[in-house]
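Close look at the chain arrangement
Chain by chain, the residues run as shown.
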Amino acid sequence: MTSAAAEEWAPRRNVLWGSFNGLAYVPRLPPTAYTLLLHMMSGQEPGGLVVATHDELATGLAMERGMISRAMPHLVAARLVIVVRRGRFQLHPMIAAFNDPREQQRAVKALPRDMRLDVGDFEDEYERRFQHHLDEKARKAEAKAKGNIMPITKPTLLKRVH
């Protein structure tokens, strides 16, 4: 294969810059969560936006969707990923890739102090946040089992104004 043919065949992709020093502050996570994080980092847009549903992430990792759903709360509790909405995730600026170093520096400087990965005890913060997630999940399951879920009511009909 000639050099020109190889260049034509190779997919074009913008090269992103990242200082991944923030990975030094990643707590002990389950292996699936690490795998998911690295996969999300490899498919991010500049600034750390990841556009993919749980199904797409599972397909990309050859995993079941449930494994992604169980791993994601670990990444959220560790403050490495923020769920923007369904199919949109934001990587923490300290581990996200950018077009150039100045963009990352601005993003990290704009973070509130309590959102920085290198402030406080990241391991304790992760454990506290993940335990809160588990407690909330248990509370919802208990309420559902007791039937304490608010019924969906029909909206009241508005009277016609003349």
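Now for a look at the structure at hand.

Cut-offs applied
- Every chain begins its residue count from 1, and numbering advances along the sequence as written.
- It should be noted that, the model being predicted, local features are given only for residues of pLDDT at least 70 and side-chain atom pairs only at 80 or more, the latter also being counted only at that level, while totals for whole chains, interfaces and linings use all residues.
- As a rule here, side-chain values cover all heavy atoms of the structure and leave hydrogens and water aside.
- Counting from the N terminus, the helices are the DSSP runs of H or I reaching at least four residues and the strands are the DSSP runs of E reaching at least two.
- Whether two strands pair depends on DSSP finding at least two bridges between them.
- The term salt bridge refers to a side-chain nitrogen of Lys or Arg lying within 4 Å of a carboxyl oxygen of Asp or Glu.
- Each residue gets one of three labels from its accessible area relative to the maximum for its type: buried under 20%, exposed over 50%, partly exposed in between, using a 1.4 Å probe on protein chains only.
- Expected span of a helix: the number of residues minus one, times 1.5 Å.
- Starting at the helix axis, one direction is taken to each C-beta atom, and the arc is that of these directions.
- Residues count as neighbours in contact if any of their non-hydrogen atoms are within 4.5 Å of one another.
- We call a set of buried Ala, Val, Leu, Ile, Met, Phe, Trp, Tyr and Cys residues a nonpolar core when their side-chain atoms join them within 4.5 Å.

Considerations on unusual backbone geometry
A positive phi angle, near 55°, is found at Ala62, a position not held by glycine. Within the secondary structure, Ala62 sits in the loop between α3 (54-61) and α4 (65-77). For Arg79, which is not glycine, the phi torsion reads 65° and is therefore positive. Tracing the backbone through its elements, the reader meets Arg79 in the loop between α4 and β2 (81-85).

Some remarks on the pairing of β2
Successive residues of a regular strand alternate their side chains across the two faces of the sheet. As defined by bridge partners, β2 adjoins strand β3 (residues 88-91) across four bridges and the pair is classed as antiparallel. Each bridged residue has a counterpart across the sheet, and for Val83 the counterpart in β3 is Phe89. In textbook terms, the turn of a hairpin is the stretch between consecutive antiparallel strands, and for β2 and β3 this stretch comprises two residues, one of which, Gly87, has a positive phi near 80°.

Some words on the pattern of salt bridges
For the coordinates displayed, the defined rule picks out eight salt bridges. With a closest N to O distance of 3.9 Å, Asp100 and Arg102 form a salt bridge. Of the charged contacts in the structure, one is a salt bridge between Arg116 and Asp118, with a shortest N-O distance of 2.8 Å. According to the relative accessible area criterion, Asp118 is partly exposed, its value standing at 30%. Via salt bridges that share partners, Glu125, Arg128 and Arg129 belong to a single interconnected network.

Overview of helix α2 (residues 31-42)
Compared with the 16 Å implied by 1.5 Å per residue over 12 residues, the 17 Å span of α2 between its first and last C-alpha is a close match. Taken together, the buried positions of α2 are occupied by Ala33, Leu36, Leu37, Met40 and Met41. On an axial view of α2, the arc spanned by its buried residues comes to 135°, and they lie on one face. In α2, the exposed positions that point more than 90 degrees away from the buried face belong to Pro31 and Leu38. Packed against the buried residues of α2 are β1 (49-51), α3, α4, β2 and β3.

Notes on the nonpolar core
Grouped together as the largest cluster of nonpolar side chains are 31 residues, with contacts concentrated most on Leu36, Met40, Leu75, Leu80, Val81 and Leu91. Sorting the residues of this core by element identifies α2, α3, α4, β3 and α6 (122-146) as the ones contributing at least two each.

Read these as geometric descriptors, not functional statements.
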